[in-house]
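Geometric and topological summary
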Amino acid sequence: MPKIITHIRPHLDDICAAWLLKRYLSDCRDAEIEFIPVDDPNPANEADYYVGVKRGRFDEHKGDVGECAATLVWKHIKQVAPPSDRLEKAAVEKLTDWVRLEDTGLLMKLDLREYAVPTILMYRFLTNHRDSADLTSFGFQILDSLVEAQKNYIQLTEDWESRVEFQSIFGPAVAVTTSARDIESFAYARGFDLVVFVTKERDFHNIRAAATSDIDLEPVYKQIKAVEPNADWFLHHTHKLIICGGDYTGHATKSRLTLEWMVDLLTPNYVRAKQI
Ligand SMILES: [Mn+2]
């Protein structure tokens, strides 16, 4: 079985390249990963996969400006073993592009930089015996999470297409049916301070105002409790969030309200004449 060989203290792009090889190439699935110094004098072994070292196919240092080890590996995988799942392929495309931006220094001026993934990786290494294998498996776990997050984001983008924009008692608002996560920040980034969403399964209802807004949702909470006194509606102490159901509850009685009903609750001409 071929080995995957990269340099000691691998960077995010080297870790991602190894992660891609193990995830998508059958001959690499159980491959051992070996770490060598960048100035290792030994000749490369034809059968092995060299990532970010030895100036071969998957080492951008041979002169592939604008590329990184991860994008070189991903291009190869797309040729020989592309993922059949549309969402998976699109998610990895986005993930490897982010790795490229990180690796080529294009994200270094972002706010809160000290909390970025390369920083997390660096301090994992420095505080865990400078262990390259530990750093790599830690990086794999991060990438396993991030690829799922990218799938979610793509789903969110698709669900967003069927959004309902409306004028609420607090100003412009948006309502979406989606089971994807993080719709709130997605909506805030698009100029809405108030977002209403219900999951496709209708087991999680949520009305949320941006923390930077001066919206107070308490009157809406009182109204919603009057409509549905038996459902376990919860008003967050900030008065910026009303939810029913979700990951945090154990035995909550779920709401039966439709998205349309929740939108009506937030509009100026709301009349409580409807039946659920
Ligand atoms: Mn590297």
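Quantities reported herein were computed from a predicted structural model and do not represent experimental measurements. (Residues numbered from 1 in each chain as written. Predicted model: local features only at pLDDT ≥ 70, side-chain atom pairs only at ≥ 80, totals over all residues.)

A few points about the sheet that holds strand 3 (residues 49-50)
- Read across the sheet, three strands follow the order 2-1-3 without closing on themselves; strand pairing throughout is parallel. Strands with a single pairing partner mark the edges of an open sheet, and in this sheet they are strand 2 (33-36) and strand 3.
- Strand direction decides the pairing type here: strand 1 (residues 4-7) and strand 2, joined by four bridges, are parallel. The partner of Thr6 across the bridge, within strand 2, is Phe35.
- Packing against the sheet, helix 1 (residues 12-24) makes contact with strand 1, strand 2 and strand 3, and its axis sits at approximately 175° to strand 1. (Pairing = 2+ DSSP bridges. Helix = DSSP H or I, 4+ residues; strand = E, 2+ residues; numbered from the N terminus. Contact = placed C-beta atoms within 7 Å. Axes fitted to C-alpha atoms, helices over the stretch in contact; angles between N-to-C directions.)

Observations regarding the nonpolar core
- Of all hydrophobic cores here, the largest spans 33 residues; its most connected members are Cys16, Ala17, Leu20, Val51, Ala70 and Val73.
- Put simply, the parts of the chain that give this core at least two residues each are strand 1, helix 1, strand 3, helix 2 (69-80), helix 3 (86-103), helix 4 (117-127) and helix 5 (132-160).
- Setting aside its immediate chain neighbours within four residues, Val51 contacts Ile4, Ile5, Thr6, Asp14, Ala17, Ala18, Phe58, Ala69 and Val73.
- Judged by nonpolar contacts, the second largest core, of 28 residues, contains Val174, Ala175, Ala187 and Ile242. (Core = buried A, V, L, I, M, F, W, Y, C linked by C-beta atoms within 7 Å. Buried ≥ 20, exposed ≤ 12 C-beta atoms within 10 Å, placed from the backbone.)

Description of the sheet that holds strand 7 (residues 204-209)
- The six strands lie next to each other as 4-5-6-7-9-8, forming an open sheet whose pairing is mixed. Each edge of the sheet is formed by a strand with only one pairing partner; in this case those strands are strand 4 (164-168) and strand 8 (234-235).
- Taken together, the four bridges between strand 5 (residues 171-177) and strand 6 (residues 194-198) define a ladder with parallel strand orientation. Pairing of Val176 across the sheet is with Phe197, part of strand 6.
- The sheet contacts of helix 7 (residues 218-227) involve strand 7, strand 8 and strand 9 (241-245), and relative to strand 9 the element is tilted by about 30°.

Here we look at helix 5
- Look at helix 5: 41 Å from first C-alpha to last across 29 residues, which is about the 42 Å you get at 1.5 Å a residue.
- Among the residues of helix 5, Ser132, Leu135, Thr136, Gly139, Leu143, Val147 and Gln150 are the ones counted as buried.
- For helix 5, the secondary structure elements touched by its buried residues are helix 1, strand 2, helix 3 and helix 4. (Expected span 1.5 Å × (residues − 1).)

Digging into the pairing of strand 6
- Burial analysis of strand 6 places five of its five residues in the buried class, which makes it a mostly covered element.
- Regarding the hand of the β-α-β motif, the stretch spanning strand 5, helix 6 (residues 183-188) and strand 6 is right-handed.
- In textbook terms, the turn of a hairpin is the stretch between consecutive antiparallel strands, and for strand 6 and strand 7 this stretch comprises five residues, one of which, Arg202, has a positive phi near 55°. (Right-handed = clockwise from strand over helix to strand, strands pointing away.)

A look at unusual backbone geometry
- A positive phi angle, close to 70°, is found at Lys54, a residue other than glycine.
- Backbone geometry places Arg130, a non-glycine residue, at a positive phi of 50°.
- If you trace the backbone, Arg130 turns up in the loop between helix 4 and helix 5.

Focus: the packing of helix 1 against helix 5
- Helix 5 packs onto helix 1 with a crossing angle of 75° between their chain directions and a minimal axis gap of 9 Å. The orientation of helix 1 with respect to helix 5, classified from their angle, is roughly perpendicular. Listed contacts from helix 5 to Leu12, Ile15, Cys16, Ala18 and Trp19 of helix 1 are Thr136, Gly139, Phe140 and Leu143.
- Partitioned by chemical class, the residues of the contact of helix 1 with helix 5 number seven nonpolar, two polar and no charged. (Parallel < 35°, antiparallel > 145°, perpendicular 65-115°, else oblique. Nonpolar A, V, L, I, M, F, W, Y, C, P; charged D, E, K, R; others polar.)

Here we look at the environment of Ala91
- Looking at the secondary structure, you find Ala91 in helix 3.
- Sequence-wise, Ala91 and Val147 are 56 residues apart; in three dimensions their C-alpha atoms are separated by 5.9 Å.
- Those residues in contact with Ala91 that lie beyond four places of it in its chain are Val147, Gln150, Lys151 and Ile154.

Points about the packing of helix 1 against helix 2
- At a minimum axis separation of 7 Å, helix 1 and helix 2 run at an interaxial angle of 20°. Considering their axes alone, helix 1 and helix 2 lie roughly parallel with respect to each other. Note on packing geometry: the crossing formed by helix 1 with helix 2 is left-handed. Residue-level contacts link Asp13, Asp14, Cys16, Ala17, Leu20, Leu21 and Tyr24 of helix 1 to Ala69, Ala70, Val73, Trp74 and Ile77 of helix 2.
- Taken together, the residues of the contact of helix 1 with helix 2 sort by class into ten nonpolar, no polar and two charged. (Left-handed = near helix turned anticlockwise from the far one by under 90°.)

Quick notes on the pairing of strand 4
- Note that strand 4 and strand 5 share five bridges and pair antiparallel. Across the sheet, the residue bridging to Gln167 is Pro172, located in strand 5.
- In sequence, strand 4 turns back onto strand 5 through a hairpin of two residues.

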